[in-house]
Amino acid sequence: LGTIDITDKLSVNSYLDKKDFLPGETFTINLKVNEPSREFRVKFDFEGEATEQIFEGTEFSYPIKSKENIKSGLHNINIKVSDLFGNYYESNLELSIIPVAKKLEVSIDKSDYLPEEQLEISGEIFDQGDERFEDGIITIRVLDAKENEIANSQINSGSTYTLQLEKYISPGIYKVTGEGSGFKKEITFNVKELEKIDVYYEGNKLKILNEGNTEISDSFVVYLDSNPVTNFNLKSKPSEIKEYDLRALVSEDRVYDLKINFKGQDINVGDALIMDDRPISSKITG
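Okay, so let's go over this structure.

Attention now goes to the sheet that holds strand S7 (residues 73–83). Read from one edge of the open sheet, five strands run S2-S8-S7-S4-S5, paired in mixed fashion. What marks the edges here is a single partner per strand, and that holds for strand S2 (20–21) and strand S5 (49–57). Where S7 and strand S8 (residues 88–97) come together, 10 bridges link them in antiparallel fashion. Within the sheet, the bridge partner assigned to asparagine 76 lies in S8 and is glutamate 94.

Okay, the pattern of salt bridges next. Using the criterion set out here, one finds 30 salt bridges in the structure. Among the ionic pairs, glutamate 243 bridges to lysine 205, the shortest N-O distance being 3.9 Å. Here glutamate 243 is found in strand S21 (residues 241–245), whereas its partner lysine 205 is found in strand S18 (residues 205–210), with 38 residues between them in sequence. For lysine 205, a relative accessible area of 24% gives the class partly exposed.

This part covers unusual backbone geometry. Unlike most non-glycine residues, glutamate 47 shows phi in positive territory, near 55 degrees. On the basis of relative accessible area, glutamate 47 is assigned to the partly exposed category, the value being 43%. Positive phi is not limited to glycine here, since aspartate 130 has a value of about 65 degrees.

What follows is about the packing of aromatic side chains. What the rule picks out here adds up to 12 aromatic pairs. Relative to phenylalanine 60, the ring of phenylalanine 44 lies with its centre 6.2 Å away and its plane at 15 degrees, an arrangement referred to as stacked. Taken together, the positions of phenylalanine 44 in strand S4 (residues 38–46) and phenylalanine 60 in strand S6 (residues 59–65) put the pair 16 residues apart, joining distant regions of the chain. Of the two residues, phenylalanine 44 and phenylalanine 60, neither departs from the other in class, the shared state being buried. Grouping aromatic residues by their ring pairs yields a cluster made of Phe40, Phe44, Phe55, Phe60 and Tyr62. The ring of tyrosine 256 has arginine 254 sitting right over it, with the charged end atom 3.9 Å from the ring centre.

With respect to the helices and strands, serine 111 occurs in the loop between strand S9 (101–108) and strand S10 (112–113). According to the relative accessible area criterion, serine 111 is partly exposed, its value standing at 44%. Once the C-alpha coordinates of serine 111 and threonine 188 are considered, the two residues, 77 residues apart in sequence, prove to be 7.6 Å apart.

What counts, and where the lines are drawn
- Residues numbered from 1 in each chain as written.
- Predicted model: local features only at pLDDT ≥ 70, side-chain atom pairs only at ≥ 80, totals over all residues.
- Heavy atoms only, no water.
- Pairing = 2+ DSSP bridges.
- Helix = DSSP H or I, 4+ residues; strand = E, 2+ residues; numbered from the N terminus.
- Salt bridge = Lys/Arg side-chain N within 4 Å of Asp/Glu carboxyl O.
- Buried < 20%, exposed > 50% of the residue type's maximum accessible area, 1.4 Å probe, protein only.
- Phe/Tyr/Trp six-rings, centres within 6.5 Å; stacked < 30°, edge-to-face > 60°.
- Lys NZ or Arg CZ within 6 Å of the ring centre and 35° of its normal.

Structure below.
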């Protein structure tokens, strides 16, 4: 006469009211059972939390509130429906959590810098699940002690901005600010004092260049052929060159081994041809 098919599978349609949700938002699971009306048991498993409900009829709706700190991206809801006879239905529904920016972090690679060093500034925006907010843009600004802006740049969340400090940047406390997605973060760093000179002989003159970032007020000793001959005062601002006339220090025109001693450190200048080409009147009067 024919065959019959015995099955323990329930025919159920399951769906969400929509697919994309914000953290903390409530979504509704809807079920439509394509079987005669009777008592059914439904179990939902979402983010490790299980919920069981009993309903009668063929249609059922149940709201579930997502956590405020739920991770962004795709999530699955496991659904199981069963009746008193052991017939069952099982499926997974997929929903997407929209990321929401929750905090901004700005950091630098260290706290103290010398002139001409590189300053690395990192910025990152985090979402409600404490993961990187990929769409975030951060505006980085660097300000000196007088609130003058010395750098301004935009970076993506999770990126690093590198700033090359200037040769004669002033010592002191500088400020780094980061702004993005409605948040602002501020940190500071210190530019240390650097006292440094470059010494050379040119045009019958000893020349000293202040290559540091701080004013120098000191003295140094001049040596000719390893003999100390005189002291000079050195007072100069960063990038300033001071000239010293050595012609009155020699008794004959020739090449001398020239060096100076500054703050207890010997600095070799090298061979220097010193020629006393001053006018006779200058020589007489000194």
